[in-house]
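Chain and residue survey
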Amino acid sequence: MDVRISPAVPGDAVHLPEIEKSAAAAFRSIPDLAYLAEGAVMSVAEHEALIAKGNVWIAKSAEGTSMGFLSSERFGSVLHIHELSVHASFQGGGIGRQLIETAQSWATEKQLSGITLTTFSDVPWNAPFYERLGFQRLDTSELSPRLAAILREEAHHGLPQDQRCAMRWTASK
């Protein structure tokens, strides 16, 4: 499958909620988290705002079909991933890995110290996936105030705090 990763442009934002919703359908396979498949996704306006900051990448087929995306935001010397989603029709083909590798290359080129994210600890396509790409789980004592606040906010919105973790990938110097 020919996949092209490029920076997202404002016109791409309209496709991202559908991709995010499709990707979330995978949670139906986990009874305790199945409700996430019906949950809210980022709005087109939220996607547009992140695209305007310049840290959103989109995966498209050679024909121009939007297949997946990674949205992130820079906080000082760290890039924080808000969302990584691959449309259900294209999952399992390495698109998520390619999007992460694109963000890692960008962070290295910009001489950032690393990349952070929050995710589910035991969902196979969450923390275990990121660990295979070089991310490490952070202990509570290692959390920056920003990451601790994100985890608190997620708990406030109903995500099970005991199943969430923060992770970090450290860029090579």
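This text gives an overview of the structure that appears in the document. Quick caveat: nothing in here was measured; it's all calculated off a predicted structure. (Residues numbered from 1 in each chain as written. Predicted model: local features only at pLDDT ≥ 70, side-chain atom pairs only at ≥ 80, totals over all residues. Heavy atoms only, no water.)

**Focus: the environment of L79**
We apply this condition: Labels follow the DSSP assignment, with helices taken as runs of H or I lasting at least four residues and strands as runs of E lasting at least two, numbered in each case from the N terminus. Whether two residues are in contact is decided by their heavy atoms: any pair within 4.5 Å suffices.
Structurally, L79 is set in strand β4 (residues 78–86). Spatially, the C-alpha atoms of L79 and S121 are 20 Å apart, while their sequence positions differ by 42 residues. Contacts of L79, omitting those with residues within four sequence positions, involve N55, W57, S72, E73, R74, A103, W106, L112, G114, I115 and T116.

**Thoughts on the environment of L33**
Of note, L33 is situated in the loop between α1 (16–24) and α2 (44–53). C-alpha of L33 to C-alpha of L50: the two residues are 17 residues apart in sequence and 27 Å apart in space. Ignoring any residue separated from it by four or fewer positions in sequence, one finds L33 in contact with F27, F120, V123, P160 and Q163.

**Some thoughts on unusual backbone geometry**
Keep in mind that most residues, glycine aside, have a negative phi and that most peptide bonds are trans. To be explicit about the condition: The rule is simple: take the accessible area with a 1.4 Å probe, protein chains only, and divide by the maximum for that residue type; under 20% is buried, over 50% is exposed, in between is partly exposed.
Despite not being glycine, Q111 has its phi angle at roughly 60°, a positive value. Counting through the fold element by element, Q111 comes out in the loop between α3 (95–109) and β5 (114–120). Overall, Q111 belongs to the exposed group, its relative accessible area being 71%.

**A few points about the sheet that holds strand β3 (residues 66–75)**
This is how the line gets drawn: At least two bridges found by DSSP between two strands is the condition for calling them paired. Axes here mean lines fitted to C-alpha atoms, for a helix over just the part in contact, with angles spanning 0 to 180 degrees between N-to-C directions.
Across the sheet, which stays open at both edges, the 7 strands sit in the order β1-β2-β3-β4-β5-β7-β6 with mixed pairing between neighbours. Bordering the open sheet on either side are β1 (3–7) and β6 (136–137), each of which pairs with just one other strand. Of the strands in this sheet, β2 (56–61), β3 and β4 are in contact with α2, which crosses β3 at around 65°.

**Comments concerning the pattern of salt bridges**
If charged atoms from side chains of opposite charge come close, those side chains can pair. For the record, the criterion: A pairing counts as a salt bridge when a side-chain nitrogen of Lys or Arg comes within 4 Å of a carboxyl oxygen of Asp or Glu.
Taken as a whole and assessed by the stated rule, the structure comprises 7 salt bridges. A salt bridge links R4 to D2, with the nearest nitrogen and oxygen atoms 3.1 Å apart. Here R4 falls in the partly exposed class, since its relative accessible area comes to 47%. With a shortest N-O distance of 3.1 Å, E101 and R97 are connected by a salt bridge.

So, to be careful, I would describe these as geometric facts and stop short of saying anything about function.
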